[in-house]
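In case you want the letters, here they are:
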Amino acid sequence: MHFYMPVRVFDERDCVLRHAKDIARLGKKALIVTGKSSSRKNGSLDDVMAALEAEHVEHLLFSEVEENPSTETVLRARDLFSDSGIDLVIGVGGGSALDAAKAVALVLKHPGADLSYLYDATKDASALPVVCVPTTCGTGSEVTGVSVLTRHDKRTKISMVHKIFPVLALVDGKYLKNAPAELIVNTSVDALAHLYESVLNAKADDYTRMTASAGLRCWAKTKEILTKERTASQEDLDLLMRSSLLAGMSIAQSGTSLPHALSYALTYDLALPHGKAVGIFLPAFLKAAPEAERDELLQLAGFSGLAEFAAFIGGLFGGTEVPEEERRRTFEMVAGNAAKMKSASFPVDEKVLETIAFG
Ligand code: NAP
Ligand code: ZN
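Criteria and thresholds
Residues numbered from 1 in each chain as written. Chains lettered and ligands numbered in written order. Predicted model: local features only at pLDDT ≥ 70, side-chain atom pairs only at ≥ 80, totals over all residues. Heavy atoms only, no water. Near = heavy atom within 4 Å. Polar contact = N/O pair within 3.5 Å; in protein donor to acceptor, adjacent residues only side chain to side chain. Areas by Shrake-Rupley, 256 points an atom, 1.4 Å probe, with all protein chains shown as cover. Helix = DSSP H or I, 4+ residues; strand = E, 2+ residues; numbered from the N terminus. Nonpolar A, V, L, I, M, F, W, Y, C, P; charged D, E, K, R; others polar. Donors = N, O, S within 2.8 Å, 3.2 Å for Na, K, Ca; no water. Tetrahedral: all angles 85-135°; square planar, octahedral: opposite > 155°, others 65-115°. Buried < 20%, exposed > 50% of the residue type's maximum accessible area, 1.4 Å probe, protein only. Contact = heavy atoms within 4.5 Å. Pairing = 2+ DSSP bridges. Axes fitted to C-alpha atoms, helices over the stretch in contact; angles between N-to-C directions. Phe/Tyr/Trp six-rings, centres within 6.5 Å; stacked < 30°, edge-to-face > 60°. Lys NZ or Arg CZ within 6 Å of the ring centre and 35° of its normal.

**Student:** Honestly, the site of ligand 1 in this entry has me stumped. Any pointers?
**Tutor:** In the neighbourhood of ligand 1, 29 residues make up the surrounding shell, with Ser38, Ser96, Asp99, Thr135 and Thr136 lying closest. One of the side-chain nitrogen or oxygen atoms of Lys157 is found 2.8 Å away from an oxygen atom of ligand 1. Protein contact buries 88% of the 940 Å² of open area that ligand 1 shows by itself. Elements supplying a minimum of two residues to the shell around ligand 1: helix H6 (95-109) and helix H8 (181-199). In terms of residue class, the shell around ligand 1 is made up of 7 nonpolar, 16 polar and 6 charged.

Put into structure tokens, the structure is as follows:
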């Protein structure tokens, strides 16, 4: 068994400001990699700038990261900043900004790096140090080495082959305070998918189960926020972030499985948010899993069984239509990917995959 979690995590109120010195220790000139606007509104960008200014760390801003960031965006940052003397990259935002930050940290370390570098496992995977400040509660990218990038040339999303773990993750639920309910729903279902896919995974072991069980217990306490049965307290926002972080620690060990594999083409073709695209396949994935393990996992997240879980997901995403030909396209892509077909903890042949892809 093997457990690798090289990220120093602070999960506490105002941790960006409180750990300014820890950031400053990592570099003298930082590139902040973020999305177009949300980090300006939720206070995360102000906190990062204040921390850098307090410690006299020079900084530049790249705020062009789109949702489901593309390799083109990563290479644009390389073109803009490769001569700027950047020695530290700070990702601020949702998974898109954090994933982009990791890839940017790689290409800035290797200025001639092009698209093929991102997907060539024989290349040097060293990168500039990365700090991550998450502002959504789904991807856990702040504690994974993964960077999922859109490949327009292939009409889907493909993770970079190099694993770039952040050095420091600064996690503060306050950045979720004014996040739209839909964003909380989508990203929190993504976290749940990570928790389930990491355990129902061919690579799962006792360590994965340890982080996933802790994550599921946190997640269970926030379920009623998603169904709007109550509004989120500050403690709930912290728990949402923590579930996502623990889920990230789980997939950092095992990777994801079939719902994620099936989701990527859907996100590309239908512009569905990542968590929603994954969540659509989650009930059928659990249905295909061995009953005893599935029921135990459902109970950890506060569900009495599969029927209640399917109704819960249906209530969140019920109106989302996925055309038959789209399900066919994604089914065929995954059926043709031997590694993905072997990613679950239980045997999956084309018949089983069909039950998951077509619901
Ligand atoms: P996201 O794509 O990062 O952000 C979605 C939207 O939410 C953006 O419009 C963003 O605005 C906005 N936003 C972010 N934080 C906000 C806040 N606190 N309040 C209000 N709006 C906010 O969403 P995500 O679900 O977190 O990330 C999805 C990406 O992560 C996908 O590409 C997925 O494949 C990837 N992913 C990575 C991993 C991993 O291990 N690395 C795991 C799962 C998924 P701005 O654009 O203005 O910032
Ligand atoms: Zn995900």
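From this point, the narrative continues.
**Student:** Teacher, can you tell me more about the coordination of the zinc ion (ligand 2) here?
**Tutor:** Six octahedrally arranged donors around a metal ideally form angles of 90 or 180 degrees; four tetrahedrally arranged donors ideally form angles of 109.5 degrees. In the first shell of the zinc ion (ligand 2), the protein supplies Asp190 (OD), His194 (NE2), His260 (NE2) and His274 (NE2), at 2.0 to 2.2 Å from the metal. Taken together, the 4 donor atoms surrounding the zinc ion (ligand 2) define angles of 84 to 171° at the centre, an arrangement classified as irregular. Within one chain, the residues donating to the zinc ion (ligand 2) are spaced in sequence as D-x3-H-x65-H-x13-H. One end of the pair, His194, is in helix H8; the other, His260, is in helix H12 (residues 258-270), with 66 residues separating them in the sequence.

**Student:** I keep staring at the side chain of Thr135 and nothing clicks. Help me out?
**Tutor:** By the element assignment, Thr135 lies in the loop between strand E5 (130-134) and strand E6 (148-151). What makes Thr135 buried here is its relative accessible area of 4%. Polar contacts involving the side chain of Thr135 include one to the main-chain amide nitrogen of Gly94, which spans 3.5 Å. In this structure, Thr135 is in contact with Asn42, Ser44, Gly93, Gly94, Tyr175, Leu176 and Met241, ignoring residues within four places of it in sequence.

**Student:** Would you take a moment to explain the pairing of strand E2 (residues 29-35) for this structure?
**Tutor:** Among the 7 residues that make up E2, 7 are buried, leaving the element largely enclosed by the rest of the structure. Bridge count for E2 against strand E3 (residues 58-65) is 6 bridges, and the pairing is parallel. Residue pairing in the sheet places Ala30 in a bridge with His59 of E3. Note that E2 and strand E4 (residues 88-93) share 5 bridges and pair parallel. Across the sheet, Ile32 pairs through a bridge with Ile90, a residue of E4.

**Student:** Is there a simple way to think about the environment of Ser116 in this case?
**Tutor:** Within the secondary structure, Ser116 sits in helix H7 (residues 115-118). Residues Ser116 and Met160, 44 residues apart in the sequence, show an inter-C-alpha distance of 9.9 Å. Among the polar contacts made by the side chain of Ser116, one reaches the side chain of Asp114 at a distance of 2.8 Å.

**Student:** Hey, could you run me through the sheet that holds strand E8 (residues 168-171) in this one?
**Tutor:** Hydrogen bonds along the backbone pair up the strands of a sheet, which may run parallel or antiparallel. If you walk across this open sheet you meet the 6 strands as E1-E8-E5-E4-E2-E3, and the pairing is parallel. In the strand order of this sheet, the two ends are held by strand E1 (8-11) and E3, each with one partner. Neighbouring strand axes in the sheet, compared pairwise and without regard to direction, differ in orientation by 15° on average. The strands that helix H11 (residues 234-254) touches are E1, E5 and E8; relative to E1, the one it contacts most, it runs at about 165°.

**Student:** Hey, could you run me through the packing of aromatic side chains in this one?
**Tutor:** Each aromatic ring pair is characterised by the separation of its centres together with the angle its planes make. The tally for this structure, following the rule as stated, stands at 10 aromatic pairs. Note on Tyr196 and Phe309: the rings are 6.1 Å apart at their centroids and 85° apart in plane angle, and the pair reads as edge-to-face. Taken together, the positions of Tyr196 in helix H8 and Phe309 in helix H16 (residues 306-317) put the pair 113 residues apart, joining distant regions of the chain. What makes Phe309 buried here is its relative accessible area of 0%. Between Phe303 and Phe309, the ring centres sit 5.0 Å apart and the planes meet at 75°, which makes this aromatic pair edge-to-face. In terms of burial, Phe303 and Phe309 fall into one category: buried. Connected via pairs of aromatic rings, a cluster forms that spans Tyr196, Trp219, Phe303, Phe309 and Phe312. Its end group placed over the ring of Tyr119, Arg151 keeps NZ or CZ at 4.4 Å from the ring centre. Stacked on the ring of Phe303, the Lys or Arg Lys223 has its end atom at 4.6 Å from the ring centre.

Remember that the coordinates give geometry; whether it matters functionally is a separate question.
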